[in-house]
Amino acid sequence: MITAFFFRALDGKTWAVLAVLLGIGIALPLLSLTDPSFPLHVPTYVVALVGKYLCYALLALSVDLVWGYCGILSLGHAAFFALGGYAMGMYLMRQIGTRGVYANPILPDFMVFLNWTKLPWFWHGFDMFWFAAIMVLLVPGLLAFVFGWFAFRSRVTGVYLSIITQAMTYALLLAFFRNDMGFGGNNGLTDFKDILGFNIQAPETRGVLFFASAFALALGFLICRAVIASKFGKVLIAVRDAESRTRFIGYRVEGYKLFVFVLSAMMAGVAGSLYVPQIGIINPGEFAPANSIEAVIWVAVGGRGTLIGPIVGALLVNFGKTWFTSGVLAEYWLFVLGGLFIAVTLFLPKGVVGTLMARARKKPDETKAPGALSPIEASQAAEEGA
Amino acid sequence: MRPFPSRLAALAIIALTLFGVLRPAFGADLTAQVNALGQGDYAALEKAIGDLAATGDPQVAPVLDALSNGDLYVRKSDNAVVKATKSGSGFTLTDPVTGAALGEAGRSGVTKIKVNNKIRGLVRSATGSLTLMSADPAQRRSAAADVFRSGDPAQIPLLDQAIAKETDPGVKKIMTEARAAAVLKSDMGDADKIAAIAVLSTRADQDALAMLASTASGPDGAVKSAAADAVASIQGQLKLWEGVQNIWYGVSLGSVLLLAAIGLAITFGVMGIINMAHGEMVMLGAYTTFVVQEIIRNSYPELFDWSLAIALPLAFLVSGAVGVLIERSVIRFLYGRPLETLLATWGISLILQQAVRTYFGPNNREVGNPSWMSGAFDLGNIAITYNRMWIVVFALGVFAVLMLVLKRTPFGLQTRAVTANRPMASSMGIRTPLVDALTFGLGSGIAGIAGVALSQIDNVSPNLGQSYIIDSFMVVVFGGVGNLWGTLVGAFTLGIANKFLEPYAGAVLAKILVLVFIILFIQKRPRGLFALKGRSVEA
């Protein structure tokens, strides 16, 4: 049954995306391990950079799942991303062991520095990878569940939901800045040594991490496709386009929203957990509300409600950011980003991919594109219907 | 307990001092009297100290201090009294009164003036009396405060004299309290001590509390129980003052929140536009203040006290104009699409921040307080700074004016009409696009004048707006969208709640708790504290 669930999602376009992602995931690390004189050689820093973008793309994908298909504009997805990152960071911290500055076999350096004598209860178990891996899914998922349970049941929707998700990530930002929280305060977690016994700096490890990111993105895409292509996905789109109407027809809207919100939060958590070992640090700055909003703009640029759009958008915007901020134009990046926000909302409401898909829609085999109504028309319809 | 004669001597000194204050002191005279310190035995020394104290000359105090520290010597060549400090094998000499250098002397060239404990006590009383009897009330006040802290029972007679003579009621009160503190440490009778406790309990601050607490832990008896009662009463009063202080801090924070949120209450609350660039409007107002002050500083320094009054209308115009520009160029295409508005205005906020950063630089800019905004005054046991007080007044003033504009002017009427029912307002002949632009401009302009006020208490940097935007949204959503009274109540509620939590949870945790509270509150009442009733609610 589960295989059927996935097979239904596997149309030609999905196959193509999966093939491209896995292809890049294998090819890029291999090329980086070649001799520098090889014409197709890829420098290691490119692998690290693209690996980071793939994590962002997964975050964008998770935002698209809730925003593009369920109309929940979450301005707090960076919180789930960062929580996943912290779970992974805690595992990596425990792996440092006696190689830290204070050489304490149990306590990470910052705890010794703060004169703590024993490990806080929530740090137990993070010396095991499987435990950390479960936590990567469980912690963001649980937060999303509790938050969504209250919010959706009380029918907090639209802008109000956006604002309280922003308040949530802001509260977490403030909380993680406190040293008393036991997550390294301002400095966060860093100075990682190895993961599963492999040196985290080694090109081979980085290659594997890169592949893992590409694989996670491909898997995330497949799951999203499967969800959207199922009957469940159709109900989601109905909720997005006319929530009250769907409720009156007899669907429990809260349940649908809650499920997709939790799924999305877990995907964001996985993205964060793959991001941290590749970047080498996680600090409270990742909770900043601005990060969440930036993730939303990746989705908007690529085209929301397309699933491919957010991946393209995240890669495009972040390549642009790297290109701008590394040169003399660094000062103008915020102008470009700000302009992008305005231009996309005013002139390209369907995003790059969405616009291209709309042009190609005349072809007969493309009629299955999700959302007969564009999100914009839908929200207008919702306004009028109310 | 000090020997009785020393008290007698002290009384004598006081009598002489009272006389001496009126008499002008002459430098030559003083030198002769200082020289008298080195001319004989202890009895002569005591007399010389008495004579010196009798001059009432403030220059005497350091000389007597030097004597008590053993720094005064007699120069053998001319029997003059000098102040000497060891340097190598000899001494460096200075004049004890004027501090002028008098050259060097060998170890055999000078003799130390010997002092004993009795002399030291005498000197202490003499210097105390010199300042307690000083002609300057500020000096008398600080001398009395010194005695209060030391609580030296030997000073009681001195204080009695000083209290009898004191005319300034404020200084007299401190002297009475100082006397009470000294009585508590002396071995006077229970009746005296209980009277002293009564005096101290009216003071009701931490110092008095500490003093009484140590008495309350003493031997049993009437004194102990009186002190314990006084401690309890002071603790009660302190708790009350702490509450008052928390409320004041809360009101102060609430007024800041109100200022930051009130413009948003119009753009978001009344018009339904999610303006993420609202914080940047506040920032523009703050930078307008900076520019105005900069021009005033360079060209018209005498106008500095008026700088805020000049900046106020300018900030309103600058932010208001930017607001109208944003509304006409971006927001008007996005009505009915709140989430898109959110993203577009976020983009605008990034651009405005970076523009200010490029033009003014990324660092904090110095905005000064005019003289009438600096300083503080005491109200009971709490200190209130003028800038905080004026900001509370200002926030309430802005609120009142805004209420009047919305309720009592044709423009306000049109705004409310457009908010309530756009097509109907339009068919009545109201130019809704113009009203939209002006209302957005009004909200932005209010944010600009909030920036003028906030520039007085916060750092003026390109990030100024960012730090207020989330708080502002919280206030508006908590208070209830579309209701200015809700914003007022919301701002002060959140401000006071924050300040009451701070002593228990710390500043950051208090803020987190308030955020969590708002998140939970919105679950319960999704439309805020004062929800608008009617059809618009179901939108």
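Quick caveat, the model's predicted, so the values are computed rather than measured. (Residues numbered from 1 in each chain as written. Chains lettered and ligands numbered in written order. Predicted model: local features only at pLDDT ≥ 70, side-chain atom pairs only at ≥ 80, totals over all residues. Heavy atoms only, no water.)

Further remarks concern the UniProt feature "transmembrane region" (unreviewed entry) in chain B. Residue and element names in this part refer to chain B. Per the UniProt record, the feature "transmembrane region" (unreviewed entry) sits at residues 247–274, 306–326, 338–356, 389–406, 434–453, 473–497 and 504–522. From the first C-alpha to the last, residues 306–326 spans 31 Å; its make-up is 95% helix and 0% strand. Structurally, residues 434–453 comprises 100% helix and 0% strand, and the distance from its first C-alpha atom to its last is 29 Å. (UniProt positions renumbered as here; feature names shortened; annotations may be inferred. Helix = DSSP H or I, 4+ residues; strand = E, 2+ residues; numbered from the N terminus.)

Once that is clear, we can look at the sheet that holds strand β3 (residues 90–94) of chain B. Residues and elements named next belong to chain B. Pairing within the open sheet is antiparallel, and its five strands lie in the order β4-β3-β2-β1-β5. Strands with a single pairing partner mark the edges of an open sheet, and in this sheet they are β4 (101–105) and β5 (110–112). Each strand of the sheet is rotated relative to its neighbour by a mean of 40°, with strand direction disregarded. One ladder, built from three bridges, connects strand β1 (residues 72–75) with β5; its direction is antiparallel. Each residue of the ladder has a partner; that of R75, found in β5, is V110. (Pairing = 2+ DSSP bridges. Axes fitted to C-alpha atoms, helices over the stretch in contact; angles between N-to-C directions.)

Grouped together as the largest cluster of nonpolar side chains are 216 residues, with contacts concentrated most on L61, W67, W123, L189, F287 and W298 of chain A together with F268 of chain B. It is helix α3 (residues 44–70) of chain A that contributes the most residues to this core, 17 residues altogether. The contact partners of W123 of chain A, leaving out residues within four places of it in the chain, are M90, M93, R94, P108, F110, M111, G182, F183 and L189 of chain A. Among the nonpolar cores identified, the runner-up in size contains 35 residues, and V147, L159, A162 and A178 of chain B belong to it. (Core = buried A, V, L, I, M, F, W, Y, C linked by side-chain atoms within 4.5 Å. Buried < 20%, exposed > 50% of the residue type's maximum accessible area, 1.4 Å probe, protein only. Contact = heavy atoms within 4.5 Å.)

Looking now at empty space enclosed by the protein. One water molecule sets the probe size; rolling that probe over the atoms shows where empty space is left. Under the criterion given, the structure shown has four cavities of 30 Å³ or more. The computed volume of the second largest cavity comes to approximately 70 Å³. Around the second largest cavity sit 11 residues that line it, and W67, A300, R304 and P349 of chain A together with E340 of chain B are the ones nearest its centre. When contributions to the lining of the second largest cavity are tallied by element, the ones reaching two or more residues are α14 (333–347) of chain A together with α14 (338–360) of chain B. (1 Å grid on protein atoms, 1.4 Å probe; cavity = no way out; pocket = protein on both sides within 12 Å on 5 of 7 lines; lining within 4 Å. Points joined across faces, edges and corners; volume = space filled by probe spheres on them.)

A few words now on the packing of helix α13 (residues 307–329) of chain B against helix α18 (residues 432–454) of chain B. Residue and element names in this part refer to chain B. Viewed as axis vectors pointing N to C, α13 and α18 meet at an angle of 140°, and their least axial separation amounts to 6 Å. The pairing of α13 with α18 is recorded here as oblique in orientation. Both α13 and α18 take part in a crossing whose hand is right-handed. Across from L308, A311, L312, A315, F316, S319, G320, G323, V324, I326, E327 and R328 in α13, the residues of α18 making contact are P433, D436, A437, F440, G441, L442, S444, G445, I446, G448, I449 and V452. Of the residues assigned to the contact of α13 with α18, the class counts are 14 nonpolar, seven polar and three charged. (Parallel < 35°, antiparallel > 145°, perpendicular 65-115°, else oblique. Left-handed = near helix turned anticlockwise from the far one by under 90°. Nonpolar A, V, L, I, M, F, W, Y, C, P; charged D, E, K, R; others polar.)

With that settled, consider the packing of aromatic side chains. Residues and elements named next belong to chain A. Summed over the entire model, instances satisfying the criterion amount to 40 aromatic pairs over all chains. Taken together, a centroid distance of 5.3 Å and an interplanar angle of 90° make the contact between W323 and F324 edge-to-face. When the centroid spacing of 5.9 Å and the interplanar angle of 45° are considered together, the rings of F324 and W333 count as tilted. We classify F324 as buried; its relative accessible area is 16%. An aromatic cluster of at least three residues, connected via ring pairs, comprises Y86, F110, W121, F122, W123, F176, F183 and F287. (Phe/Tyr/Trp six-rings, centres within 6.5 Å; stacked < 30°, edge-to-face > 60°.)

A few words on the interface of chain B and chain A. Facing the 41 residues of chain B at the interface are 44 residues of chain A. For the pair chain B and chain A, the summed buried area comes to about 3,900 Å², and 78% of that belongs to carbon and sulfur atoms. The largest contributions to the chain B side of the interface with chain A come from L339, L343 and Q523 of chain B, which together make up 16% of the buried area. Here chain B is connected to chain A by one salt bridge. Measuring nitrogen to oxygen at the nearest pair gives 3.3 Å for the salt bridge that ties R304 of chain A to E340 of chain B. Residue assignment for the side of chain B that touches chain A shows that the elements contributing at least two residues are α14, α19 (466–479) and α21 (507–524) of chain B. Looking at the side of chain B that touches chain A, the element that brings in the most residues is α14 of chain B, giving 15 residues. (Buried area = accessible area lost by both parts, 1.4 Å probe. Salt bridge = Lys/Arg side-chain N within 4 Å of Asp/Glu carboxyl O.)

Attention shifts here to a nonpolar patch on the surface. All names here are of chain B. On the surface, V291, I295, Y300, L303, W306, I310, L314 and L317 cluster together to form a nonpolar patch covering roughly 740 Å² of accessible area. Mapped by element, the contributors of at least two residues to the nonpolar patch are α12 (278–299) and α13. Here the element with the most residues in the nonpolar patch is α13; it accounts for three residues. Position of V291 among the secondary structure elements: in helix α12. (Patch = residues over 30% accessible without salt bridge, like charges linked within 9 Å, V, L, I, M, F, W, Y side chains within 5 Å. Areas by Shrake-Rupley, 256 points an atom, 1.4 Å probe, with all protein chains shown as cover.)

Bringing the pairing of strand β7 (residues 382–385) of chain B into the picture now. All names here are of chain B. Every second residue of β7 is oriented toward a common face, the buried set being I382 and I384 and the non-buried set A383 and T385. With four bridges connecting them, strand β6 (residues 376–379) and β7 associate as antiparallel partners. Looking across to β7, one finds that D378 is bridged to A383.

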